[in-house]
Amino acid sequence: IAYVVEDNAHIVGFLIATYQSTTRKVAWENMYIEPEYRGRYLVQKCYALAEQEARRRGAAYICGLIEENNLQCIRVLERIGFTKGKTHIWMEKVF
């Protein structure tokens, strides 16, 4: 699932998510909006489109990995209904 945000043919943002039909899970992989376009509800609009597509495909769950110091992103996600995860943990290997 991917969306591109444009302004007069100039790309100003994007959203990328993956859907796994086996687990019925969508992972919100990445989203970016250029700073001068923030505050225009573009994140919310892109997310709404992605959630609509995820539901159409049969998804039951959506998650995203957010750096704990990215408070702006966390606040936006909380406003659109996300909560801190309780059913999954993130495993990582740093190298």
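Above: the structure in question.
Residues numbered from 1 in each chain as written. Predicted model: local features only at pLDDT ≥ 70, side-chain atom pairs only at ≥ 80, totals over all residues. Heavy atoms only, no water.

1. Overview of the pairing of strand S2 (residues 10–20)
For step 1, the next point in the chain: For strand S1 (residues 2–7) and S2, the ladder comprises six bridges, and the chain directions are antiparallel. Residue pairing in the sheet places Ala2 in a bridge with Ile16 of S2.
For step 2, the next point in the chain: Here S1 folds back onto S2 in antiparallel fashion, the turn holding two residues, of which Asn8 has a positive phi close to 55 degrees.
For step 3, the next point in the chain: Here S2 hands over to strand S3 (residues 25–33) after four residues, with Arg24 in that stretch at a positive phi of 60 degrees. (Pairing = 2+ DSSP bridges. Helix = DSSP H or I, 4+ residues; strand = E, 2+ residues; numbered from the N terminus.)

2. What about the layout of surface pockets?
For step 1, the next point in the chain: Taken as a whole, the largest pocket encloses approximately 1,200 Å³ of empty space.
For step 2, the next point in the chain: Mapped by element, the contributors of at least two residues to the lining of the largest pocket are S3, helix H1 (42–57), strand S4 (61–64) and helix H2 (71–79).
For step 3, the next point in the chain: Looking at which element gives the most residues to the lining of the largest pocket, the answer is S3, with five residues.
For step 4, the next point in the chain: Lining of the second largest pocket is provided by 25 residues; of these, Met31, Val43, Asn70, Gln72 and Cys73 occupy positions nearest its centre.
For step 5, the next point in the chain: Residue assignment for the lining of the second largest pocket shows that the elements contributing at least two residues are S3, H1 and H2.
For step 6, the next point in the chain: Class assignment for the residues of the lining of the second largest pocket results in 13 nonpolar, six polar and six charged. (1 Å grid on protein atoms, 1.4 Å probe; cavity = no way out; pocket = protein on both sides within 12 Å on 5 of 7 lines; lining within 4 Å. Points joined across faces, edges and corners; volume = space filled by probe spheres on them. Nonpolar A, V, L, I, M, F, W, Y, C, P; charged D, E, K, R; others polar.)

3. Focus on the pattern of salt bridges
Opposite charge on two side chains makes pairing possible when the charged atoms of those side chains draw close.
For step 1, the next point in the chain: Inspection of every chain in the model, using the stated rule, returns three salt bridges.
For step 2, the next point in the chain: Residue Glu53 pairs with Arg57 through a salt bridge whose shortest N-O separation is 2.7 Å. Taken as a pair, Glu53 and Arg57 lie in helix H1 at a separation of four residues, close to a single helical turn. (Salt bridge = Lys/Arg side-chain N within 4 Å of Asp/Glu carboxyl O.)

4. Observations concerning the sheet that holds S1
For step 1, the next point in the chain: Ordered by their spatial adjacency, four strands build an open sheet running S1-S2-S3-S4, and the pairing between neighbours is mixed. In this open sheet, the two strands that pair with only one neighbour each are S1 and S4. Mean inter-strand twist for the sheet, computed between neighbouring axes without regard to direction, equals 20 degrees.
For step 2, the next point in the chain: Two strands pair when backbone bridges link them, and S3 and S4 are joined in this way by four bridges, in the parallel orientation. Paired with Ala27 across the bridge in S4 is Cys63.
For step 3, the next point in the chain: Strands in contact with H1 are S1, S2, S3 and S4; relative to S3, the strand with the most contacts, it is inclined by about 160 degrees. (Axes fitted to C-alpha atoms, helices over the stretch in contact; angles between N-to-C directions. Contact = heavy atoms within 4.5 Å.)

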